[in-house]
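Letter by letter, the chains look like this.
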Amino acid sequence: MNIRKIKLALTVGLMNTPSGNALQLIKEQMKGFRDEVGSFLGLQEINRARLNHNHEEHRYSMRFERVTVDLDVISNPSTKTQVIRRFDLH
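Overview of the structure. Everything numeric in this text was worked out from a predicted model, so none of it was measured.

Structurally, the α-helix is built with 3.6 residues per turn, so residues lying three or four positions apart point the same way. Counted at 1.5 Å a residue, the expected span for helix α1 (residues 3–16) with its 14 residues is 20 Å, and the 20 Å between its end C-alpha atoms agrees. As for α1, its buried residues are in contact with α2 (22–30), α3 (34–37) and β4 (81–89). Capping the start of α1 is the job of one residue whose side-chain oxygen sits 3.2 Å from the backbone nitrogen of Arg4: Asn2.

Take a look at the structure:
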């Protein structure tokens, strides 16, 4: 499995995709690497922190058979927007 290739594809795909549900975008893009990463096993919210009146930071772990994607997502509940701050594969 080429982690660098997957990270690059996710980065480019996220930059070229209109805003939406960040978690769904990652999950959809990982489907393109099903042979390498395996099937989707689940999503777990690890932590949630309020940054200010309008923004929250969520930390998620998205598990596949052969890789886990850790994500930090900044969300605005009032506008329902999400931005991926960081992601890592291991």
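Alright, that's what it looks like, and here's the rest.
Turning next to the sheet that holds β4. Strand order in this open sheet of four strands is β1-β2-β3-β4, and the pairing throughout is antiparallel. For this open sheet the edge positions go to β1 (40–50) and β4, each flanked by a neighbour on one side alone. Here the strands of the sheet are splayed against their neighbours by 20° on average, with no regard to which way each runs. Taken strand by strand, α2 contacts β1, β2 (56–64), β3 (68–76) and β4, and its axis lies near 150° from that of β3.

Turning our eyes to something else, we now look at the packing of aromatic side chains. All chains considered together, the criterion is met by one aromatic pair. Considering the side-chain rings of Phe40 and Phe64, the 5.5 Å spacing of their centres and the 65° angle between planes classify their relative orientation as edge-to-face. Note that Phe40 is positioned in strand β1 and Phe64 in strand β2, a separation of 24 residues in sequence. Of the residues examined, Phe40 reaches a relative accessible area of 33% and is grouped as partly exposed. Looking at Lys27, its charged tip hangs above the ring of Phe40, at a distance of 4.3 Å from the centre.

Conventions used here
- Residues numbered from 1 in each chain as written.
- Predicted model: local features only at pLDDT ≥ 70, side-chain atom pairs only at ≥ 80, totals over all residues.
- Heavy atoms only, no water.
- Helix = DSSP H or I, 4+ residues; strand = E, 2+ residues; numbered from the N terminus.
- Expected span 1.5 Å × (residues − 1).
- Contact = heavy atoms within 4.5 Å.
- Polar contact = N/O pair within 3.5 Å; in protein donor to acceptor, adjacent residues only side chain to side chain.
- Pairing = 2+ DSSP bridges.
- Axes fitted to C-alpha atoms, helices over the stretch in contact; angles between N-to-C directions.
- Phe/Tyr/Trp six-rings, centres within 6.5 Å; stacked < 30°, edge-to-face > 60°.
- Buried < 20%, exposed > 50% of the residue type's maximum accessible area, 1.4 Å probe, protein only.
- Lys NZ or Arg CZ within 6 Å of the ring centre and 35° of its normal.

Fair warning: the whole summary comes from geometry, so function is off the table for now.
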